[in-house]
Amino acid sequence: MTLRLPLSGEIGGVSFWESSRGTFTQRKVCLPLRQKQKGAAIQFWRTCCSMQQGPPPAWPGRAVAEPGRKSWDGPKPISIVGSTGSIGTQTLDIVAENPDKFRVVALAAGSNVTLLADQIKTFKPQLVSVRNESLVAELKNALEDVEHKPEIIPGEEGIVEVARHPDAVTVVTGIVGCAGLKPTVAAIEAGKDIALANKETLIAGGPFVLPLAHKHNVKILPADSEHSAIFQCIQGLPEDALRRIILTASGGAFRDLPVEKLKDVKVADALKHPNWNMGKKITVDSATLFNKGLEVIEAHYLFGADYDNIEIVIHPQSIIHSMVETQDSSILAQLGWPDMRLPILYTLSWPERIYCSETTWPRLDLCKQGLLTFKAPDNVKYPSMDLAYAAGRAGGTMTGVLSAANEKAVEMFINEKINYLDIFKAVELTCDAHRSELIANPSLEEIVHYDLWARDYAANLQFSSGRSPVAA
């Protein structure tokens, strides 16, 4: 495979190479794209897995609650992995507002000891974990006046123990990256339902995690807005009713920017999201649309839809969070203000619906909102979509490599080591280098190994004077 891009950074066409390993078929598919400049082209790979059976989806096109599944009395006991992050703090806001519905039994945090100490004082968990053992003394000092002190277990061991705490019914997984895989696996093996906010659990670990969840009769409940929307739309659908999934995307910072100007954009430009106030990494992912490409892969693993039946639509207002089409062509959508608390709440309360105060949960007023618009995404502006669909069709370890390479490339862009368009090139080269080593049904160790390999490979790409990556 070769990569050819003009210095202007414009992309004129995509050539998919079908690689072969095991039972995979071989084909070459060429898709012409609109050209701004003659001769501009980029070649991508794609592996066809139509002959390779994938893992069983978490929710095969429908969601039906099992009778008699409730196994606790009083407020539902939960553990939170990543309690001081965005997902964790919003989850605790929900618990604080609904103490009669939920209670916290265990918390795992990173390095924010001050916030963790406040959380312990408020929610009184039985067990807590901090990432580094060196922080334990600081945490104990902060809890000196606390009457009922929790057990403290540092490091990876502590995170795993929080995830599989015997009293927890549901575990909220809010740790970013492959660091969230091992505690999620531990929770599944302990029979805990998963409120899934860690994308890598399925994007990288789907081939391993999904069979494990089925083995232990564990429910994986999506806590991000798009997949929660789909999950809500498929409640009670009859078998085989799902026809198509439509993921909505804001379009990010460069939604209205002409494609020929992308070569000149800076980090500060990519961080100006039109709708959301988010962290740097996810904001850049929204600008490149890699976030949506990764969500396509996650939707495939969650709901079993074929990649040909998962579409991306630009919806600038971010009111419709996603849609499904049924076999009779009806479209079901979930709407709401952009607020991550709602999908988190639904993962905790499912299949119940909990009343929310209008004071803290403003109700959607469609007349006040007014116009809702949609448009097709531009594959030239967002080559991430083709990369993500190609990785998804390849399956196995390729999806984790895509995610890890993107994470490293975004980090390098934020640190101004590469240009914006180099994000796509670095990810594509890393995925291409992995083709010969792709593992269709990886173990957990192999998933983690190739995650680390992809980050290292992307980080060590050599850059020419034009800052275009070439394999080292």
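See the structure shown above.
Just so it is clear, the structure is predicted and the values come from calculations on it, not from any experiment. (Residues numbered from 1 in each chain as written. Predicted model: local features only at pLDDT ≥ 70, side-chain atom pairs only at ≥ 80, totals over all residues. Heavy atoms only, no water.)

Colleague: How should I be thinking about the packing of helix α4 (residues 155–163) against helix α5 (residues 181–189) in this particular structure?
Modeller: Between α4 and α5, the shortest axis-to-axis distance is 8 Å and the interhelical angle comes to 35°. Note on packing geometry: the crossing formed by α4 with α5 is right-handed. In this structure, α4 uses E156, I159, V160 and A163 to contact α5, whose residues at the interface are K182, P183, A186 and A187. Across the contact of α4 with α5, the residue classes tally to 6 nonpolar, no polar and 2 charged. (Axes fitted to C-alpha atoms, helices over the stretch in contact; angles between N-to-C directions. Helix = DSSP H or I, 4+ residues; strand = E, 2+ residues; numbered from the N terminus. Left-handed = near helix turned anticlockwise from the far one by under 90°. Contact = heavy atoms within 4.5 Å. Nonpolar A, V, L, I, M, F, W, Y, C, P; charged D, E, K, R; others polar.)

Colleague: What's the story with the sheet that holds strand β10 (residues 220–222) in this structure? I'm lost.
Modeller: What the 7 strands build is an open sheet, ordered β7-β6-β5-β4-β8-β9-β10; its pairing is parallel. Each having just a single partner strand, β7 (151–152) and β10 make up the two edges of the open sheet. In the sheet, strand β4 (residues 76–81) pairs with strand β5 (residues 102–109) via 6 bridges, with the strands oriented parallel. Looking at β5, one finds that K76 is bridged to F102. (Pairing = 2+ DSSP bridges.)

Colleague: Sorry if this is basic, but what is going on with the side chain of K76 here?
Modeller: Secondary-structure assignment places K76 in strand β4. One buried charge, K76, has no salt-bridge partner; the nearest side chain with opposite charge is D193, at 5.6 Å. Once residues within four sequence positions are removed from consideration, K76 is found in contact with K101, F102, R103, V169, T170, T347 and L348. (Buried < 20%, exposed > 50% of the residue type's maximum accessible area, 1.4 Å probe, protein only. Lys, Arg positive; Asp, Glu negative; His and termini not counted. Salt bridge = Lys/Arg side-chain N within 4 Å of Asp/Glu carboxyl O.)

Colleague: Explanation requested: helix α12 (residues 341–349) in the structure shown.
Modeller: For an α-helix, 3.6 residues make a turn, and residues three or four places apart therefore share a direction. With 8 of 9 residues buried, α12 lies mostly within the body of the structure. Every buried residue of α12 is listed here: R341, P343, I344, L345, Y346, T347, L348 and S349.

Colleague: Can you walk me through unusual backbone geometry in this structure?
Modeller: Omega for the bond connecting W350 with P351 falls within 30 degrees of zero, at 5°, which places this linkage in the cis form. For S318, which is not glycine, the phi dihedral falls at a positive 55°. Tracing the backbone through its elements, the reader meets S318 in the loop between β12 (310–314) and β13 (320–326).

Colleague: Help me understand the sheet that holds β13, please; the structure alone is not making it clear to me.
Modeller: Taken together, 4 strands build an open sheet; the order of strands is β12-β11-β13-β14 and the sheet is mixed. The open sheet has two edge strands, β12 and β14 (331–335), and neither has a second partner. The mean inter-strand angle of the sheet, taken between neighbouring strand axes irrespective of direction, is 20°.

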